[in-house]
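Overview (structure and organization)
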Amino acid sequence: MDELDKLKKEWQSRELDLPKMSYNDIYKMLLKKSSSIVKWIFIISLGELVFWLSLYFVIPDDNMKLMHDMGIGPFMYYTNIIHFIVFGTFIIFFYKNYRAIQVTDNTKKLMSNILKTRRTVRYFVIYNVGMFVLSSIFIDSFFYSNSNKLYKVMDFASKGVPQENFANVFIITQVLVGVAVIGLLILFYWLIYGILLKRLKSNYKELQKMDY
Amino acid sequence: MNKELEHRFVTQLEENQNIVHKICRLYTHDQDSHNDLFQEITIQLWRAFPKFRGDSKFSTWMYRVALNTAITLYRKSKRQINTQDYESISFKIKAEEYDDTTEQQLKLMYVAVKKLNDIDKALVFLYLEDKSYKEISATLGISEVNARVKMNRAKDKLRKILNP
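Rules used throughout
- Residues numbered from 1 in each chain as written.
- Chains lettered and ligands numbered in written order.
- Predicted model: local features only at pLDDT ≥ 70, side-chain atom pairs only at ≥ 80, totals over all residues.
- Helix = DSSP H or I, 4+ residues; strand = E, 2+ residues; numbered from the N terminus.
- Rg over C-alpha atoms; globule rule 2.2 N^0.38 Å.
- Buried ≥ 20, exposed ≤ 12 C-beta atoms within 10 Å, placed from the backbone.
- Contact = placed C-beta atoms within 7 Å.
- Nonpolar A, V, L, I, M, F, W, Y, C, P; charged D, E, K, R; others polar.
- Domains from an automatic or database assignment.
- Core = buried A, V, L, I, M, F, W, Y, C linked by C-beta atoms within 7 Å.

**Focus on the overall build of chain A**
If you tally the helices and strands in chain A, you get 8 helices and 1 strand. Listing the helices and strands of chain A from first to last along the sequence gives α-β-α-α-α-α-α-α-α. The C-alpha atoms of chain A give a radius of gyration of 27 Å, which is well past the 17 Å a tight globule of 212 residues would have. Expressed as lengths along the three principal axes of its C-alpha atoms, the size of chain A is roughly 90 × 40 × 30 Å. Buried positions account for 13% of the 212 residues belonging to chain A. Long-range pairs, those at least 24 residues apart, make up 68% of the contacts in chain A between residues at least 6 apart in sequence.

**Considering the interface of chain A and chain B**
Taken together, the contact pairs 41 residues of chain A with 54 residues of chain B. Contributions of two or more residues to the side of chain A that touches chain B are made by α1 (3-13), β1 (15-16), α2 (23-29), α3 (37-58), α6 (107-145) and α8 (166-210) of chain A. In terms of residue count, the dominant contributor to the side of chain A that touches chain B is α1 of chain A (7 residues). Looking at the side of chain A that touches chain B, its residues break down into 21 nonpolar, 9 polar and 11 charged.

**Points about the domain arrangement of chain B**
Residue and element names in this part refer to chain B. Splitting chain B by domain gives domain 1 (1-88) and domain 2 (97-164). Contacts between the two partners involve 8 residues from domain 1 and, on the opposite side, 11 residues from domain 2. Secondary structure elements with two or more residues in the side of domain 1 that touches domain 2: α3 (58-73) and α4 (84-88). Classifying every residue of the side of domain 1 that touches domain 2 by side-chain character gives 6 nonpolar, no polar and 2 charged.

**Notes on the environment of proline 50 of chain B**
For proline 50 of chain B, the location among the structural elements is in the loop between α2 (31-48) and α3. Taking C-alpha positions, proline 50 of chain B is 12 Å from lysine 3 of chain B, a pair spaced 47 residues apart along the chain.

**Looking at the environment of methionine 111 of chain A**
Mapped onto the elements, methionine 111 of chain A comes out in helix α6. For methionine 111 of chain A and asparagine 165 of chain A, which are 54 residues apart along the polypeptide, the C-alpha to C-alpha distance reads 55 Å. With residues up to four places along the chain from it excluded, the contact list for methionine 111 of chain A reads Leu200, Asn203, Tyr204 and Leu207 of chain A together with Thr72 of chain B.

**Regarding the environment of histidine 68 of chain A**
Here histidine 68 of chain A is to be found in helix α4 (residues 61-69). Separated by 58 residues in sequence, histidine 68 of chain A and glutamate 10 of chain A place their C-alpha atoms 80 Å apart.

**Describing unusual backbone geometry**
Residues and elements named next belong to chain B. A positive phi is found at aspartate 130, a non-glycine position, where the angle reads about 65°. Turning to its location among the elements, aspartate 130 is positioned in the loop between α6 (118-128) and α7 (133-140). The exposure class of aspartate 130 is exposed, given the 11 C-beta atoms found within 10 Å.

**Quick notes on the nonpolar core**
Residue and element names in this part refer to chain B. Counting residues in hydrophobic clusters, the biggest one holds 56 residues, and the most contacted among them are Ile23, Ala66, Ala70, Ala122, Leu123 and Val124. Considering each element in turn, this core owes the most residues, 9 residues, to α3. Mapping this core onto the domain boundaries places at least three of its residues in each of domain 1 (1-88) and domain 2 (97-164). In this view, isoleucine 23 contacts Ala66, Leu67 and Ala70; residues no more than four positions away in its chain are not counted.

Structure representation (structure tokens):
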């Protein structure tokens, strides 16, 4: 018999000097709140869903009016409808995946379900960032090619903005702001999920490796 | 909340708490984290308890939920293995005779198991607890053949740590 098996026998015949919780200690724990990563993923994901949804409600009326005056009101209207349908689908998927997480599943399945939930939200974010980039490109280039109209609609003349170079300054500002926003978002996700999921991901990989 | 269910749960967990403590010992490095993990496992067990149908033993069911919590759900603090670990572990001996060498070997093995990665640790722990390969593979979600192969590799790793 090998050394480890000998030790295995000992392991079972002896007991570690373990702490002992009383009935009341355990009872009190039932009232405490969980701090598992699933709970955090759920809270953060909800935050993300609410954040992106609310963006569409806090856009100032001026902005919509500007779109109308520029002649792309109906276009924006229909894109928003499609947007909300996609949002709804994502939320249904997220909820379904979240419900599928069961601590009584085997370890591999549990991990895979957690990562799946996370992936849904990640796709949701990618979709949003992607749409943000696409619509920025579309609107900015549209505004750029119609800069004279924009200058009139926004009534920049009365605000003392010179028309000369206006289009260039406008487009550069838009691009810089856009890049900064996306940069911040990426940093934010990288920080939050990097910290939260690092261990889970590496354990999942380890387990996957085991099964090949 | 159902009082009778609560009572049944707490009583069973109190009886079987050693399993949870052993897992906490393996996956944490100080008393505070040990207690944190114990609490999280208790919460997870309690949440899953209404669905526990009793078609398996309570302890068998516990291994799965407790290990899942330790490996997957628990957010580990950054603290690293400290050397106190080795000193603080003592094994209660049920048998009368005291065997110093075996005691020493057990201690060393315990430290060695703690050095393994989270998954290997679970594998070796279940093995030491005398679980069948069928049960080990069902708990972790890998095939039985692979559980055997990987167990042998984990044993090799342990041997290397024990006899460098």
